[in-house]
Amino acid sequence: MSELLLETRGLQKRFGGLVATDSVSLAIRRGECHAVIGPNGAGKTTLIGQLSGVLAPDAGCVLFAGRDVTDCSAHRRAMLGFARSFQITSILGSFTVVDNVALAVQAVSGSSFRFWHAVNTETELAEKALEILHRVGLEGLAQRTARDLSHGEHRQLELALALATRPQLMLLDEPMAGMGPDESERMLSLIAGLKGSHTIVLVEHDMDVVFRLADRISVLVAGRIIATGSGEEIRANAEVRNAYLGDDASGEGMP
Amino acid sequence: MTWLLFLEQCLNGLQFGLMLFLLAAGLTLVFGIMDLINLAHGSLYMVGAYLVATLTQATGSFFLAVPLGIVATALLGMVLEAMVLRGLYRRDHLSQVLATFALILIANETTRAIWGVQPLSLNVPDGLSGSVQLLPGLSYSAFRLAIIAVGLAVAALLYFVVTRTRIGMLVRAGASNRQMATAMGTNIKWLFTAVFGAGAALCALAGAMLGPLLAVQVGMGENILILAFVTVVIGGIGSIRGAFIGALLVGVVDTFGRAFIPTILRAVLSPAFADAAGPSLAAISIYLLMIGVLFWKPQGLFPAGS
Amino acid sequence: MQALRRHAWLIAFMALGLAFPKLAAVAGQEYYVSFVSRVLIWALLASSLNLLVGMGGMVSLGHAAFFGLGAYVVGIIGLDAPQWSGALVAWPLAMAVSALAALLIGVISLRTRGVYFIMITLAFAQMLFYVFVSLKAYGGDDGMSLARRSTLPGLNMANDTVFYYVVLALLGACLHALGRLRDSRFGRVLRGIKDNEARMESLGYATFRFKLAAFVIAGTVAGLAGALMANQNSFVSPNMLHWDQSGTTLVMIILGGLGSLWGGLAGAAVYLVLEEVLTAFTRHWQIALGLILLGVVFHAPQGIAGLFARKKP
């Protein structure tokens, strides 16, 4: 069991003339909650894309538990233990809430190349799905069609999907985006409850959330990591204050 | 195979490619800007050919019939856009395929109803019916030369409009980024209708020019439609430059394929087989070209907004 | 639950289907047995496409390729290897050839999406069309006739009613299988991929493999439909592979209900009945068909199945 669950070395990504990811080297320790913060346009979602396997870096590598996964596709990484929640809600709108999560459970419960038996006879899938829905507080809406949910409920479903595959590593891209204060608080305690048993990379805008949840923070500005450290270290870092905390005094950071 | 024959086929390829460009230009813009798969594009080509053929008979003059036919087809195109196609812009591709497929059915059957099933005769106009001595030993049809001239002129005109005028800038912006174009405050609906009308006019011109060479009959639209789509995919969706290069490529490959593959095959295989397989291999070569291009460049050669 | 309702409808359909030739004979309309056979074969083809498009979200304009291939396997066997023209050999062979073709075409085409996928599937079908046009030995452009229908031990396949029962049995079996597939793990994953492929990938599903499997299954069933059609008409022609046919099949499934188990059957029935009825009124029935299709696309995109769907609360 290596100390570092996720590592990147010199990750590089450009789109035409724009350098979106500039020599990013991260070291995520097993069991920690590591936040990635930075102003809009810093390249946070591009970075998550390269971590999850959706985007191929131009240079550099991604290591998972010491193993090079740079060439692994998103679905391979999911099978290895990655899970991702999307910044812009990405669920299965035409399915019910419980079926959304059941599909996620199904992905880690044996082969889906089964063509004959009705999947709804596999009650364990639905049971596990309901357990997860209970954890995130959505079990009351289990039979609702997913696209009919409110925005906040969508974000909860995003988290449920990330949990359902029993991942080792969770990449959470602004899980609380657009949520009201009560909902955010609930989401926060949910994620706090995951610390220790899961390793979390958390992209967030809300500095309150970041300081309360994160064990360590990396600051991404214009594609580069300018600082990594604990909450106090980051707060005290002058370069960070100038680049980020300075213009986002309120901590909300909406564009 | 003499090099004069080779040159003649080059000219044929150029001529066909330029006409294909007229169709592909409209198609790629509609695709790029409005994100619309329009299977009925070939029907506008057919309607243009039929109108020009009919007007030539009515007025006795090809040169009068062509502009009239173009205007009429453009108007028809714009009416079609406003009444039917506008409702498809936000729909999924399958709905667009089905709706425009329906338009093909309606267009073909209506044409049959009005003009009957027999091909319409459209003759090369008297002024262009002779040949021109290009080089010693190489005589080339005056009409085909006229097609090449018209094609190049239209290409130059399109290039000028798209790169030098304000409306052209709007079109290019729209092709590479629809949201940006809307944000720039354009009256999008009007722009779409105009682009569609221009595309229809180009189709009609191509129909008028190719009518005397190929047959003016129901179904002529579908044959060339596929080639136009292949051209657009090869050239890159939304790019007029791509449509131009793609059209020349397809025109040349198709022409050379039809001219030379049967000959080459006959040298290698039995004549019976070569005669049978030749035309088919020529037709297949276009598709192989498209698949090859997509492998190397999945978005086509010059995708807009890249 | 769901499965029970599906079984009920299937049994009702089979019962009606079994009774039909008797009813037709009583009414003196034996001609229609042959017509309904054609409807059922089209229903099989349309159902296979519905698996691909309706369930899987893969809009293919090249599905007719597998239909035509299956038909030509039967035709070519009839000409070159008549010792194999028993249905028990020829039809599985037709399906196998179509399956292989679907595998090869799918592996290449499924690397693309959207309009590129539409164009590549169209291109492959057109290429096969031209190949068969060029094969003068098998009729080329004009197509070729079958000397006789495939044989089944103990049955007189030349008899239209007997052949009808065979077609009915096969369609019933396929609908049953497709229904089970729909409710299976595989079916749910496929529908998930249609809904949001990126999401399914991030959950750990190798979406390419699932799409390819669906493509091959759909192609195989289309091949069977082609073999049956070759028998029904005692004739095969390259037109069976033309993209026009793919387009018509798409029209059927939108009429019948995209993604619904019964969409293929409903759509084939509506289309072919419309053709019969409208032709009686006018030669230009395709104008009416076009207008109806436009109406469906704009106002009833769920097709007939939409009329039967339970209303949302």
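Residues numbered from 1 in each chain as written. Chains lettered and ligands numbered in written order. Predicted model: local features only at pLDDT ≥ 70, side-chain atom pairs only at ≥ 80, totals over all residues. Heavy atoms only, no water.

A. Focus on the interface of chain A and chain C. Counting residues at the interface gives 37 residues for chain A, matched by 30 residues for chain C. Summed over the three residues of chain A that lose the most area to chain C, namely H75, F115 and W116 of chain A, the buried surface amounts to 22% of that side. At the boundary of chain A with chain C, the tally comes to three salt bridges. For E158 of chain A, the salt bridge identified is with R199 of chain C, shortest N-O distance 2.9 Å. Across the chain A-chain C interface, the total number found is 21 residue pairs in polar contact (both at pLDDT 80 or more). Where the side of chain A that touches chain C is concerned, the elements lending two or more residues are α2 (74–80), β6 (82–85), α3 (97–107) and α5 (151–164) of chain A. Per-element accounting of the side of chain A that touches chain C gives the leading share, six residues, to α3 of chain A. (Contact = heavy atoms within 4.5 Å. Buried area = accessible area lost by both parts, 1.4 Å probe. Salt bridge = Lys/Arg side-chain N within 4 Å of Asp/Glu carboxyl O. Polar contact = N/O pair within 3.5 Å; in protein donor to acceptor, adjacent residues only side chain to side chain. Helix = DSSP H or I, 4+ residues; strand = E, 2+ residues; numbered from the N terminus.)

B. The arrangement of the sheet that holds strand β4 (residues 59–64) of chain A in detail. All names here are of chain A. Read across the sheet, four strands follow the order β2-β1-β4-β5 without closing on themselves; strand pairing throughout is antiparallel. Where the open sheet ends on each side, the last strands, each with one partner, are β2 (18–29) and β5 (67–68). Contacts between helix α1 (residues 44–52) and the sheet are confined to β1 (4–15), β2 and β4, with β1 contributing the most and set at about 120° to the helix. (Pairing = 2+ DSSP bridges. Axes fitted to C-alpha atoms, helices over the stretch in contact; angles between N-to-C directions.)

C. Up close: empty space enclosed by the protein. One pass over the full model with this rule turns up three cavities of 30 Å³ or more. By volume, the largest cavity amounts to about 100 Å³. Lining the largest cavity, in full, are S47, N50, L51, M55, L175, L178, L181, R182, G259, S260 and L261 of chain C. Looking at the lining of the largest cavity, the elements that each hand over two or more residues are α2 (31–55) and α6 (160–183) of chain C. Looking at the lining of the largest cavity residue by residue, the class counts come to six nonpolar, four polar and one charged. In this structure, the second largest cavity spans a volume of roughly 70 Å³. Lining of the second largest cavity is provided by I37, L39, V97, L225, I226 and F229 of chain B together with L61, V115, I118, M119, L122 and W243 of chain C. When contributions to the lining of the second largest cavity are tallied by element, the ones reaching two or more residues are α9 (220–235) of chain B together with α5 (114–134) of chain C. (1 Å grid on protein atoms, 1.4 Å probe; cavity = no way out; pocket = protein on both sides within 12 Å on 5 of 7 lines; lining within 4 Å. Points joined across faces, edges and corners; volume = space filled by probe spheres on them. Nonpolar A, V, L, I, M, F, W, Y, C, P; charged D, E, K, R; others polar.)

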